[in-house]
Amino acid sequence: MEGCQVRFLKVLAVFFLLLPGIMELGYARYSDKIEGTQPSPLTSRLGDEVYFISIFVPTSSLAEIKCVGEGDVVMMDRFSRKAVFYEEFSGKLALRFQFPHEGDYILYSENPQMGTTCVVRLRKNAPSHAVQRGMYAVGILSGLVLFGLLLWGKRT
């Protein structure tokens, strides 16, 4: 009976050792999925109303922003009200920046000129830090358990 239990524990440890790799393969497919907003104006055609662009980011992501017009564009976390991106531009703007975490974000301009338009695209999604820590912890713990079982099996 003991041999069967030890084999089961070894198989279970190997499974958990391989689990982070399986999870990483799932994220590799997810990370290349490009999402973004449509080209959206930050001002009305008459220049008398100011608009904003709302975007939901599923995880920490590398993003690119492209704007045409003039003004100071600000990307703000909707709930914490902290700016994650700020840039003053005139003519064209094309930059990459990092969304720090999952959440709802708002892009607006503090002083847009008439006809200012922006597009935001997510370029590379990354697993959140909590998911990364979980993957590493599962891999390390299962490796230690497997190593312990192998040492215990050699003694008996």
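Scroll up a little and you will see the structure.
Residues numbered from 1 in each chain as written. Predicted model: local features only at pLDDT ≥ 70, side-chain atom pairs only at ≥ 80, totals over all residues. Heavy atoms only, no water.

Asker: Which residues make up the packing of aromatic side chains, and what values go with them?
Answerer: Enumeration according to the criterion identifies 3 aromatic pairs in this entry. An angle of 50 degrees between the planes, with centres 4.6 Å apart, marks the rings of F99 and Y105 as tilted. For the residue pair F99 and Y105, the accessibility class agrees, reading buried in each case. Pairwise contacts between aromatic rings join F85, F97, F99 and Y105 into one cluster. (Phe/Tyr/Trp six-rings, centres within 6.5 Å; stacked < 30°, edge-to-face > 60°. Buried < 20%, exposed > 50% of the residue type's maximum accessible area, 1.4 Å probe, protein only.)

Asker: Report on unusual backbone geometry, specifying residues and quantitative values.
Answerer: One non-glycine residue, R81, adopts positive backbone phi at about 60 degrees. Counting through the fold element by element, R81 comes out in the loop between β4 (61-77) and β5 (83-99). Relative accessible area serves as the criterion here: at 55%, R81 is assigned to the exposed category. (Helix = DSSP H or I, 4+ residues; strand = E, 2+ residues; numbered from the N terminus.)

Asker: Give me the lowdown on the nonpolar core, citing residues and values where you can.
Answerer: Core analysis: the biggest nonpolar cluster contains 19 residues, and I65, V73, M75, F99 and L107 have the highest contact counts within it. Among the elements of the structure, β3 (53-57), β4, β5, β6 (103-109) and β7 (117-125) are those that each provide at least two residues to this core. Each residue touching L107, except ones within four places of it in the same chain, is listed here: L42, F52, I53, I65, V73, V74, M75, C118 and V120. (Core = buried A, V, L, I, M, F, W, Y, C linked by side-chain atoms within 4.5 Å. Contact = heavy atoms within 4.5 Å.)

Asker: Tell me about a nonpolar patch on the surface, residues and numbers included.
Answerer: Nonpolar side chains collect at one region of the surface, where F8, L9, L12, V14, F15, F16, L18 and I22 lie side by side and expose about 710 Å² of accessible area between them. Looking at where V14 falls in the secondary structure, it is placed in helix α1 (residues 2-31). (Patch = residues over 30% accessible without salt bridge, like charges linked within 9 Å, V, L, I, M, F, W, Y side chains within 5 Å. Areas by Shrake-Rupley, 256 points an atom, 1.4 Å probe, with all protein chains shown as cover. Salt bridge = Lys/Arg side-chain N within 4 Å of Asp/Glu carboxyl O.)

Asker: If you had to explain the state of the cysteines to someone new, which residues and values would you point to?
Answerer: According to the stated counting rule, one finds 1 disulfide in the structure shown. Across a sulfur-sulfur distance of 2.0 Å, C67 and C118 are joined as a disulfide pair. For the disulfide bridge between C67 and C118, the dihedral angle about the S-S bond is near 110 degrees, and by the sign convention the bridge is right-handed. Of this pair, C67 sits in strand β4 while C118 sits in strand β7, and the two are 51 residues apart along the sequence. Each member of the pair, C67 together with C118, is buried. (Disulfide = S-S within 2.5 Å.)

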